[in-house]
Every structure is written in structure tokens, then in C-alpha cells.
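Listed below are the residues making up each chain.
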Amino acid sequence: MRILILACALTLAAAPALAGQAVTLRSDTFDSDGVITLGDLFDGAGGAGKIAVASRPGTSAVLDAGAVQSAARRAGLDWANAEGIRRIVVRAGSDGGASAPVTRGNVEILTYARSLSAGEMVQPQDVVWAKAAAAPADAPRDAEAVIGMAARRPLRAGAAVSSRDVSAPQVIKAGDAVTVTYEAGGVTLALEGKAMAAAGIGDTVAVQNTASKKIIQATASGPGQAVVGPAADQLKSLGRAQYAQR
């Protein structure tokens, strides 16, 4: 799904002067006609709320928060984004940010907009919101939970998104040459080995020492790279989400 940023200098120049006017992002962002405006995104946009910033060709659109912030600033609006939001999901719905009526027994869930092959990375346009009779027990509440992750198995278009569908993208494949590094107290040691299995960043991977043929357990840290010792502990403590490629 292609997201088109529509804000242009001539349109913004014609907007009412709202220099520095503070606005807040709506808790739920909807638009009713496929054209996303500042008013669809922000409370307190005033006259600048009519300015279009993107189009929604499908049932949802995923906007880059930085681009939205810049468009708002050019229109004289100040969105601080104190939460550090990276993407904004805008769905089809009623004007004013109110949620569209939900049929009794139905829930809104994330679904796959297209089929994905095993190992393929989930992109922002690959997930959309839809109505379903029930949600999986581990259904993510935010698209950010799966965007940038890799499919564990083939995933079918229209299927409900489940957290167990994805994992951190693989950076090491079975049989790859791997450099294992240990760093502590100013001392750095490294050895060359062969990966015995595939792994994503933060995953434990068995590596066979090329010289001794012994198997050691290391933590994948990048393509062809793994660590042991304090660096491995730190990598695991940060969690895989910090390393998902987005």
C-alpha cells in the first residue's frame, strides 16, 4: 500500500496562521473519505485541520510520524510527540476521530494485507485493521509489534496477525562462518566458527569452533557475528524488539 504525502507548499501557505499552536494526536485516528487531514490526526487543529497530508487507498494507512510532525509544523501546529511515536495507523471510519460502529460480537484485529513467505520481513503496508468474530489470544494491539519482524512460516492474506507468527529477522544461517567475540575488562578475544543453526539478533546459536571443533553457545549480534560474556547478557536484556529491523 503506497502512502502518498500530499502536503504541498501552496496549500500550506493558504492555511490559517496557527503559529506554534499546540495540538495532541488523537487516541484513535480515522478518516472517512480516503484523504487524511490534520484534523483527522490531531485535536485542536482548528482551521488547519482541513489540510490534507496523505491518502488512504485501502482500509488503513501507516504514516511516518516524523513526516506528519513536519507537515503539522509547516501548517503552524506544534505536535511535541513526547511519546516518541514512529508510525501512525489511520483507519477508515467516521469523521472527528470517533470509532465506527462495531457489530455485536465483532472485534477489530490486525490482518495480513498480502501473503508472506517464510522469512519475509513484515512491512508497514503488509498489515491492515479488519473486523473479525474473535481475536487470537496473542493478537498484537499495535502494528509496531510485528512490523520489521520476519515470518516464521508462510502467512496467508486476510489471516489474523498473531505474535507467534513472527520472530526477529535471521542474521545467521546454518553453516555460516561466524566470528565469536568476548569483551570484558579491556580484554577482547575472538574465534572463528561455523553456525550449527539459524538465528536472529539476540537468539542463542550453537557455534562450532573451527580449530578445536568444540561447540559453544553464543548470542547472535549481527550478520556473521556473535558474542559471549557480558555483551551477550546485555544483548538479551535489551530484548529482540530493540533490534528488529524497521
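Shown above is the structure to which this text applies.
What this report covers is the structure whose coordinates are included nearby.

What counts and how
Residue numbers restart at each chain and count upward from 1, following the sequence in its written direction. Owing to the predicted nature of the model, reporting of local features is limited to residues with pLDDT of at least 70; listing and counting of side-chain atom pairs is limited to 80 or more, with chain, interface and lining totals taken over all residues. The basis for every side-chain value is the complete set of non-hydrogen atoms in the structure, without hydrogens or water. For Phe, Tyr and Trp, rings pair up if their centres lie within 6.5 Å, where Trp contributes its six-membered ring, and each pair is then called stacked (planes under 30 degrees apart), edge-to-face (over 60) or tilted (otherwise). Labels follow the DSSP assignment, with helices taken as runs of H or I lasting at least four residues and strands as runs of E lasting at least two, numbered in each case from the N terminus. Each residue's exposure class comes from its accessible area (1.4 Å probe, protein chains only) as a fraction of the maximum for that residue type: buried when under 20%, exposed when over 50%, partly exposed otherwise. Note on terminology: a nonpolar core comprises buried Ala, Val, Leu, Ile, Met, Phe, Trp, Tyr and Cys residues joined through side-chain atoms within 4.5 Å. A pair is scored as a salt bridge if a Lys or Arg side-chain nitrogen falls within 4 Å of a carboxyl oxygen belonging to Asp or Glu.

### Points about the packing of aromatic side chains
The tally for this structure, following the rule as stated, stands at one aromatic pair. Seen from their ring centres, Phe42 and Trp79 are 5.4 Å apart, and the 55° between their planes marks the pair as tilted. Taken as a pair, Phe42 in strand E5 (residues 42-43) and Trp79 in the loop between strand E8 (77-78) and strand E9 (87-92) lie far apart in primary sequence, 37 residues in all. The buried category is assigned to Phe42, whose relative accessible area is 1%. Given a relative accessible area of 4%, Trp79 falls into the buried group.

### Focus on the nonpolar core
What tends to happen in soluble globular proteins is that the nonpolar side chains get buried as a cluster. Counting 21 residues, the largest nonpolar core has Ile36, Leu38, Leu41, Phe42, Leu63 and Ile88 as its most contacted members. At the level of secondary structure, the elements contributing two or more residues to this core comprise helix H2 (38-41), strand E6 (52-55), strand E7 (60-64), helix H3 (65-74) and E9. Looking at this core element by element, the count peaks at four residues for H3. Formed by 18 residues, the second largest nonpolar core is a distinct cluster that contains Tyr112, Ala151, Leu155 and Val166.

### Examining the pattern of salt bridges
Under the counting rule described, the total for this entry stands at five salt bridges. One salt bridge connects Arg26 with Asp43, and the closest N-O pair in it is separated by 2.8 Å. Of the two residues, Arg26 is situated in the loop between strand E2 (24-25) and strand E3 (30-31) and Asp43 in strand E5; the sequence distance between them amounts to 17 residues. Residue classification places Asp43 among the partly exposed positions, given a relative accessible area of 36%. A salt bridge links Glu120 to Arg114, with the shortest nitrogen-to-oxygen separation between them at 2.6 Å. Owing to a relative accessible area of 26%, Glu120 belongs among the partly exposed residues under this scheme. Here the residues in one salt-bridge network are Arg114, Glu120 and Asp126, joined through shared partners.

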